[in-house]
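Overview (structure and organization)
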Amino acid sequence: MNKYIQYCAKLCSLAVISLLFAGKAHAWGPIGHRVIGEIASNHLSEKAKKGVASLIGRETLAMISNWPDFIKSDTTNKYNHTSKWHYVDFTGNISRAEFEKELRAMKGENLYTQLLSMSQQLKNPSISKEKKVEALKWLVHLVGDLHQPLHVGRDEDQGGNKIQIFWFDRPSNLHRLWDEHLIEFQQYSYTEYTKILDIAPATQVKSYQAGTIIDWLYESHILSDKVYARTRTRKN
Ligand SMILES: [Zn+2]
């Protein structure tokens, strides 16, 4: 698990309540997202720090990182269209070339299209501050989701949501195991987790930061293949 969250640390340059949404969990629980936000804060350039502060003042990336999950409870249905933004599903065990082909052939909004969109909005000088604050909240959150392997898992089982498992003696599903159970098992606070995980040497951080969004997505997808391969499903 620790090794897994370390993958999240690679996103430092860019700046997990798993909700059951219509029976489908969509995100790291709050701790996972805060850890990723905090690690990102630790590695921002001076310019990026200023840019973030100009948008969210004294708030931190950890503090804003769960907002895209909180809005799922909005009773006005204003954000219903964003439920597909938290993940992007593929076929299992595919090559990088096949992965990119599937990604290019996808229609509609997903984790990848929205990461691009939020990045563009943050760079666009003609967009309001209010919109940019929202884009930053999405960016921090989606970069976190991208590093939960089952957010880049398989379409056939809704990223592990349809795979029933037991976590100790409690019935659960594979997606939720990765969103919450594994993280909560350690009983660390998000600041403790951050200290434990944010240990990559500078050269390693640099190589993480050099990756593209597609590099990160494919890496998560490969990890999801390993998760699926090692999962024994629950027999009811
Ligand atoms: Zn999410």
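Rules of the game
- Residues numbered from 1 in each chain as written.
- Predicted model: local features only at pLDDT ≥ 70, side-chain atom pairs only at ≥ 80, totals over all residues.
- Helix = DSSP H or I, 4+ residues; strand = E, 2+ residues; numbered from the N terminus.
- Buried ≥ 20, exposed ≤ 12 C-beta atoms within 10 Å, placed from the backbone.
- Expected span 1.5 Å × (residues − 1).
- Axes fitted to C-alpha atoms, helices over the stretch in contact; angles between N-to-C directions.
- Parallel < 35°, antiparallel > 145°, perpendicular 65-115°, else oblique.
- Left-handed = near helix turned anticlockwise from the far one by under 90°.
- Contact = placed C-beta atoms within 7 Å.
- Pairing = 2+ DSSP bridges.
- Arc of directions from axis to C-beta.
- Nonpolar A, V, L, I, M, F, W, Y, C, P; charged D, E, K, R; others polar.
- Core = buried A, V, L, I, M, F, W, Y, C linked by C-beta atoms within 7 Å.
- pLDDT = per-residue confidence, 0-100.

**Points about the overall build of the chain**
Of regular secondary structure, the chain possesses twelve helices and four strands. Within the span of the chain, comprising 236 residues, buried residues form 39% of the whole.

**Focus: helix 8 (residues 129-146)**
Under the 1.5 Å per step criterion, the end-to-end length of helix 8 is 25 Å for 18 residues, consistent within 8% with the ideal 26 Å. For helix 8, a buried count of 13 out of 18 residues is recorded, marking the element as mostly surrounded by other parts of the structure.

**Overview of the environment of E219**
Inspection of the secondary structure puts E219 in helix 12 (residues 213-229). Taking the C-alpha atoms as reference, E219 lies 9.2 Å from V152; in sequence the two are 67 residues apart.

**Quick look at the packing of helix 2 (residues 30-42) against helix 8**
Packing of helix 2 against helix 8 leaves a shortest axis separation of 9 Å and a crossing angle of 110°. The pairing of helix 2 with helix 8 is recorded here as roughly perpendicular in orientation. The element helix 2 and its partner helix 8 pack so that their crossing is right-handed. Contact residues: helix 2 offers G32, H33, I36, G37 and A40, while helix 8 offers V140, H141, V143 and G144.

**Some thoughts on the pairing of strand 3 (residues 164-167)**
Pairing of strand 3 with strand 4 (residues 170-173) involves four bridges; the strand directions are antiparallel. Residue pairing across strands places W167 opposite R170, the latter belonging to strand 4. The hairpin formed by strand 3 and strand 4 contains two residues between the paired strands, and F168 there has a positive phi angle of roughly 55°.

**Focus: helix 7 (residues 111-123)**
Between the first and last C-alpha of helix 7 there are 19 Å, a value that for 13 residues agrees with the 18 Å anticipated at 1.5 Å per step. Residues of helix 7 that are buried: L111, Q114, L115 and M118. Buried residues along helix 7 cover an arc of 105° about the axis, so they all sit on one side. Turned more than 90 degrees off the buried face of helix 7, the exposed positions are L116, Q120 and K123. Those residues of helix 7 that are buried lie in contact with helix 8 and helix 12.

**So, the packing of helix 2 against helix 10 (residues 190-197)**
Across the interface, helix 2 lies against helix 10 with an axial gap of 9 Å and an inter-helix angle of 50°. By the angle between their axes, helix 2 is oblique relative to helix 10. The handedness of the crossing between helix 2 and helix 10 comes out as right-handed. Along the contact surface, helix 2 presents I31, R34, V35, E38 and I39, while helix 10 presents Y190, T191, Y193, T194 and L197. By residue class, the composition of the contact of helix 2 with helix 10 is six nonpolar, two polar and two charged.

**Points about the nonpolar core**
When a protein is soluble and globular, its nonpolar side chains tend to lie buried together. If you look at the biggest cluster of nonpolar residues, it comprises 32 residues, and the most contacted ones within it are V35, L111, L139, V140, L142 and L146. Sorting the residues of this core by element identifies helix 2, helix 4 (61-64), helix 7, helix 8, helix 10 and helix 12 as the ones contributing at least two each. Here the element with the most residues in this core is helix 8; it accounts for eight residues. Among the nonpolar cores identified, the runner-up in size contains five residues, and L150, L174, L177 and W178 belong to it.

**Let's talk about unusual backbone geometry**
For N77, which is not a glycine, the phi torsion comes out positive at approximately 65°. According to the C-beta neighbour criterion, N77 is exposed, with 7 such atoms within 10 Å. One non-glycine residue with positive phi stands out, namely N93, at about 55°. The partly exposed category is assigned to N93, around which 13 C-beta atoms lie within 10 Å.

**Notes on the confidence of the model for the chain**
Scored by pLDDT, the chain comes out at a mean of 88, with 87% of its residues at no less than 70. The low-confidence segment residues 1-26 (pLDDT under 50) makes 81 contacts with residues lying over four places distant or belonging to another chain.

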